[in-house]
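A look at the structure
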Amino acid sequence: MLVIGGNHPQAVAARGRVVELGGSAAVNLTGSVTDVLLLPGGEGDRRMTRVAALELPVHTPERLSPAALSSGGVPAPLPAGPGGRPVDPAVVLPRGGVIDLPRTLPDTSWTLVASRALPEAEGTGGPAVGVDVMVLIVDDTGRVRRDEDLVFWNAPENPGGSVRLAVDGPVEQSVTVVPEGLTAEARRLVVAAAVDGGATFGEVGAIEISLGDTATGVPLLRATLDAADSERVLVLAEIYRRGTGWRCRAVGQGHDHGPVELLRAHGVDIEG
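We now turn to the structure provided with this report. (Residues numbered from 1 in each chain as written. Predicted model: local features only at pLDDT ≥ 70, side-chain atom pairs only at ≥ 80, totals over all residues. Heavy atoms only, no water.)

**Considering helix α1 (residues 8–20)**
For α1, which comprises 13 residues, the first-to-last C-alpha distance of 18 Å matches the rise-based estimate of 18 Å (1.5 Å per residue) to within 8%. Where α1 is buried, its residues contact β1 (2–4), β2 (36–38), α5 (201–204) and β13 (219–225). The backbone nitrogen of Q10 lies 2.9 Å from a side-chain oxygen of the residue at the head of α1, namely N7. Of the residues one or two after α1, G22 is the one with positive phi, at around 90°. (Helix = DSSP H or I, 4+ residues; strand = E, 2+ residues; numbered from the N terminus. Expected span 1.5 Å × (residues − 1). Contact = heavy atoms within 4.5 Å. Polar contact = N/O pair within 3.5 Å; in protein donor to acceptor, adjacent residues only side chain to side chain.)

And the structure:
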């Protein structure tokens with residue numbers, strides 16, 4: 001369900017309620033959206049023209065109220081939505097939710113995509129507020145073994161290429177992981193995002209993450225992560241070993257400090 005309109009606290013509360021009810025709260029009008037929740041002020045949003053063309057059901061906030069739920073609840077996605085839109089097979093994770101990741105040796109790789117709403121659609125002031133995704137490859141102590149275990153925009157691939165970062169546009173970045181390429185000491189991948197300068201995630205809005213099989217593109221999980229107004233760093237997800245397999249956790253933990261403090265806490269050697 002895509003939430004349109006409202007101020008930041010209203011949108012955060014609405015997306016949280018959708019997730020509580022087992023739905024997926026999208027931040028962009030993608031092919032996986034089956035319903036729209038229209039908050040006050042959203043009527044003039046430019047996406048509403050496309051919503052109408054796609055014949056997507058549009059709901060008001062009252063649709064999520066206990067009274068409305070007792071008389072039928074939130075409409076479940078149909079086997080095929082308007083225009084034959086396919087059902088999204090991904091598991092919707094709440095903040096802190098965990099899923100086991102399937103793999104078929106030796107060819108498995110996963111791609112995690114982090115996206116945010118188009119600035120002009122959300123009124124956040126345009127693309128001047130940048131968001132940078134980074135990955136920390138840590139051991140059992142939660143620290144990197146070497147500085148090359150930090151993957152970010154200026155070093156988008158670790159030695160061996162088992163973790164790769166790609167910038168897919170101004171509002172989307174992706175991380176591809178080849179688990180068989182990681183050494184045994186690599187126990188956990190911490191995927192985080194940081195805003196540029198003095199901006200905060202209150203200005204950016206929600207970050208949506210999805211993780212799927214790289215080869216097929218089939219999504220395995222989705223989660224929508226809302227930080228409060230003051231956070232400058234947001235831990236999005238952790239991909240970690242569990243026995244002989246791997247799991248992914250949707251974290252959604254925000255911090256008021258900047259990325260330097262996060263990196264130092266995980267053992268990255270930063271001068272100054």
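**Here we look at the pattern of salt bridges**
The full count for this structure, using the stated rule, is ten salt bridges. We note a salt bridge from R15 to D226, for which the minimum N-O separation is 3.0 Å. Of this pair, R15 sits in helix α1 while D226 sits in the loop between β13 and β14 (233–242); the two residues are 211 residues apart in sequence, bridging distant segments of the chain. Residue R15 shares its accessibility class with D226, and that shared class is buried. Residues D140 and R187 are paired through a salt bridge, measuring 3.4 Å at the closest nitrogen-oxygen approach. Taken together, the residues span a long stretch of sequence, with D140 in the loop between β7 (131–138) and β8 (150–151) and R187 in the loop between β10 (172–177) and β11 (188–195) at a distance of 47 residues. Several salt bridges converge on common partners, so that one network encompasses R145, R146, D149 and E185. (Salt bridge = Lys/Arg side-chain N within 4 Å of Asp/Glu carboxyl O. Buried < 20%, exposed > 50% of the residue type's maximum accessible area, 1.4 Å probe, protein only.)

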